[in-house]
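Residue-level structure breakdown
Chain by chain, the residues:
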Amino acid sequence: MTNEQAWDYAIGVVQLDGIKPSDEFLKLVEKEKNGDITGEDIKQVLYKKYKVKEDK
């Protein structure tokens, strides 16, 4: 399975559950498919966006 096929499969499985990935996420996936960024880059973007801020 190619990287592109793996992404298409994963996104399709999520959509079967009635969840639509955000346009921002889909743009990141396209960049990764094109080799512009890595899977690790996607993880970092998502981590920064969704990280829960701890109370201090």
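The structure reproduced in this document is the subject of the present report. (Residues numbered from 1 in each chain as written. Predicted model: local features only at pLDDT ≥ 70, side-chain atom pairs only at ≥ 80, totals over all residues. Heavy atoms only, no water.)

1. Here's the deal with the packing of helix α2 (residues 23–33) against helix α3 (residues 39–50)
Closest axis-to-axis distance for the α2/α3 pair is 9 Å, and the angle between their directions is 160°. The pairing of α2 with α3 is recorded here as roughly antiparallel in orientation. Between α2 and α3 the crossing geometry is right-handed. On the side of α2, the interface is formed by Glu24, Phe25, Leu28, Val29 and Glu32, while α3 contributes Gly39, Ile42, Val45, Leu46 and Lys49. Broken down by class, the residue content of the contact of α2 with α3 amounts to six nonpolar, one polar and three charged. (Axes fitted to C-alpha atoms, helices over the stretch in contact; angles between N-to-C directions. Helix = DSSP H or I, 4+ residues; strand = E, 2+ residues; numbered from the N terminus. Parallel < 35°, antiparallel > 145°, perpendicular 65-115°, else oblique. Left-handed = near helix turned anticlockwise from the far one by under 90°. Contact = heavy atoms within 4.5 Å. Nonpolar A, V, L, I, M, F, W, Y, C, P; charged D, E, K, R; others polar.)

2. With respect to the nonpolar core
In terms of nonpolar packing, the biggest core is built from six residues, these being Trp7, Ile11, Leu28, Val29, Ile37 and Ile42. Residue assignment for this core shows that the elements contributing at least two residues are α1 (3–16) and α2. When near neighbours in sequence (up to four residues on either side) are disregarded, Ile37 contacts Leu28, Lys31, Glu32 and Ile42. (Core = buried A, V, L, I, M, F, W, Y, C linked by side-chain atoms within 4.5 Å. Buried < 20%, exposed > 50% of the residue type's maximum accessible area, 1.4 Å probe, protein only.)

3. Some details on α2
Taken as a whole, α2 has its buried residues at Leu28, Val29 and Glu32. Here the buried residues of α2 occupy an arc of 100° about the axis, which is enough to place them on one side. Turned more than 90 degrees away from the buried face of α2, the exposed residues are Asp23 and Lys27. Looking at the buried positions of α2, the neighbouring elements they touch are α1 and α3. Immediately downstream of α2, the backbone of Gly35 shows phi near 85°, a positive value. (Arc of directions from axis to C-beta.)

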